[in-house]
Amino acid sequence: MPEPLVVMKDVNKHYGDMQALKQINMTVGKGEVVVLIGPSGSGKSTLIRTINRLETITDGTITIDGVLLPEEGAGLAKLRSDVGMVFQSFNLFAHKTILENVTLGPIKVRGMKKADADAKAMELLKRVGVDHQANKYPAQLSGGQQQRVAIARALAMEPKVMLFDEPTSALDPEMINEVLDVMIQLAKSGMTMVVVTHEMGFARKAANRVVFLADGQIVEENTPEEFFTNPQSDRAKDFLGKILTH
């Protein structure tokens with residue numbers, strides 16, 4: 001097992017009477033790609049959003065690279081800058097160019113000089129295949145291009161871990177692969193990633209481990225090979241039976 005980077009211990013999350021996460025224990029090692037899958041409402045998005053405290057937890061602990069996730073304040077902002085996040089919606093700043101979207105964090109948060117930030121951003125935009133769009137505005141790009149910019153923007157902060165919450169679910173089918181391809185390259189480069197996705201092909205190709213959730217609990221976790229060919233629990237068998245036959 002690689003050195004642990006994200007460690008969740010006995011994490012519970014309640015919304016009023018409803019328990020969204022139940023006794024979650026999960027460790028993500030450095031350089032590991034963990035894919036969270038499960039039926040709708042199983043707690044996948046809630047779980048991934050607790051890792052950078054977009055969702056608070058009721059109890060339990062979460063540490064990132066040995067540091068306990070603080071409740072709020074400067075410590076939380078600092079830790080959050082180590083955690084890149086890519087959502088369903090691209091959340092780019094509409095009034096800023098693609099280049100400005102990517103350089104904003106490094107200049108404002110990391111105190112990088114503009115020239116250095118620009119050079120770094122262009123390198124990242126090239127890596128995700130949209131460097132030729134640097135001076136355009138988000139609305140001028142397709143959804144797939146915008147999502148690739150969002151990935152570049154997260155990478156510009158040099159995060160220790162990247163979180164992806166259903167990054168392709170808002171995209172038209174023909175754009176999904178262009179985003180998944182970037183994510184597969186990222187996984188191959190050794191980035192630590194936690195990914196909530198419905199794209200089972202991505203899970204098979206890029207994941208080191210699949211974590212299957214149902215009703216807010218981790219039901220089973222295994223290598224993709226084992227999980228897809230030999231699921232252990234009835235819940236997983238049922239879930240795979242429904243999605244793999246269509």
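Residues numbered from 1 in each chain as written. Predicted model: local features only at pLDDT ≥ 70, side-chain atom pairs only at ≥ 80, totals over all residues. Heavy atoms only, no water.

An unreviewed UniProt entry annotates the chain as ABC-type polar-amino-acid transporter originating from Propioniciclava sinopodophylli. Taken verbatim from the UniProt record of the chain, the Sequence similarities (unreviewed entry) comment is "Belongs to the ABC transporter superfamily." Among the UniProt annotations of the chain, the heading Subcellular location (unreviewed entry) holds the following wording: "Cell membrane". (UniProt positions renumbered as here; feature names shortened; annotations may be inferred.)

So, the overall build of the chain
The helix and strand inventory of the chain stands at 9 helices and 10 strands. The globule rule puts the C-alpha radius of gyration for 246 residues at 18 Å, and the 18 Å found for the chain is close to it. Structurally, the chain occupies a C-alpha span of about 55 × 45 × 35 Å along its principal axes. Scored against the burial criterion, the 246 residues of the chain give a buried share of 52%. Residue pairs in contact within the chain that sit at least 24 positions apart in sequence constitute 66% of those at least 6 positions apart. Of the roughly 11,500 Å² of accessible surface on the chain, 50% is carried by carbon and sulfur atoms. The average position of the 28 basic charges and that of the 30 acidic charges among the side chains of the chain differ by 5 Å. (Helix = DSSP H or I, 4+ residues; strand = E, 2+ residues; numbered from the N terminus. Rg over C-alpha atoms; globule rule 2.2 N^0.38 Å. Buried < 20%, exposed > 50% of the residue type's maximum accessible area, 1.4 Å probe, protein only. Contact = heavy atoms within 4.5 Å. Areas by Shrake-Rupley, 256 points an atom, 1.4 Å probe, with all protein chains shown as cover. Lys, Arg positive; Asp, Glu negative; His and termini not counted. Charge placed at Lys NZ, Arg CZ, Asp CG, Glu CD.)

Here's the deal with the sheet that holds strand β7 (residues 161-165)
Strand order in the open sheet formed by 6 strands is β6-β7-β8-β3-β9-β10, with mixed pairing between adjacent strands. Of all strands in the sheet, those with a lone pairing partner are β6 (83-86) and β10 (217-222), marking the two edges. For this sheet, the mean angle separating the axes of adjacent strands, direction not counted, is 20°. In this sheet, strand β8 (residues 192-196) lies alongside β7 in parallel orientation, the contact comprising 5 bridges. Bridge assignment links Val161 to a residue of β8, and that residue is Thr192. On the sheet, helix α5 (residues 143-156) packs against β6 and β7 and is oriented at approximately 170° with respect to β6. Contacts from helix α6 (residues 173-188) reach β3 (33-37), β7 and β8, with the element oriented near 145° to β8. (Pairing = 2+ DSSP bridges. Axes fitted to C-alpha atoms, helices over the stretch in contact; angles between N-to-C directions.)

Observations regarding the packing of aromatic side chains
Taken as a whole, this structure holds 3 aromatic pairs when the rule is applied. When the centroid spacing of 5.8 Å and the interplanar angle of 35° are considered together, the rings of Phe212 and Phe227 count as tilted. With Phe212 in strand β9 (residues 209-214) and Phe227 in helix α8 (residues 224-229), this residue pair connects regions lying 15 residues apart in the sequence. Owing to a relative accessible area of 0%, Phe227 belongs among the buried residues under this scheme. Ring centres 5.4 Å apart and planes at 80° place the aromatic pair Phe227 and Phe228 in the edge-to-face group. (Phe/Tyr/Trp six-rings, centres within 6.5 Å; stacked < 30°, edge-to-face > 60°.)

Comments concerning the pairing of strand β2 (residues 18-29)
Pairing analysis gives 8 bridges linking strand β1 (residues 4-15) to β2, with the strands arranged antiparallel. Residue Lys13 lies in a different strand from β2, and its bridge partner there is Leu21. Taken together, β1 and the strand that follows it, β2, pair antiparallel across an intervening segment of 2 residues, in which Gly16 is found at a positive phi of about 60°.

Quick look at the nonpolar core
The biggest cluster of nonpolar side chains holds 51 residues, and the ones touching the most others in it are Ile151, Met162 and Met193. When residues of this core are assigned to their parent elements, the largest contribution, 9 residues, is made by α6. If we skip the residues at most four places from it in the chain, Met162 touches Gly84, Val86, Ile151, Ala154, Leu155, Leu186, Met191, Thr192, Met193 and Val194. Ranked by size, the runner-up nonpolar core spans 27 residues in total, among them Met8, Leu21, Ile57 and Leu213. (Core = buried A, V, L, I, M, F, W, Y, C linked by side-chain atoms within 4.5 Å.)

Some points on unusual backbone geometry
Even without being a glycine, Arg53 presents a positive backbone phi close to 60°. Tracing the backbone through its elements, the reader meets Arg53 in the loop between α1 (44-50) and β4 (59-64). By relative accessible area, which is 10% here, Arg53 ends up buried. Despite not being glycine, Asp215 shows a phi value in the positive range, around 50°. The topology assignment puts Asp215 in the loop between β9 and β10.

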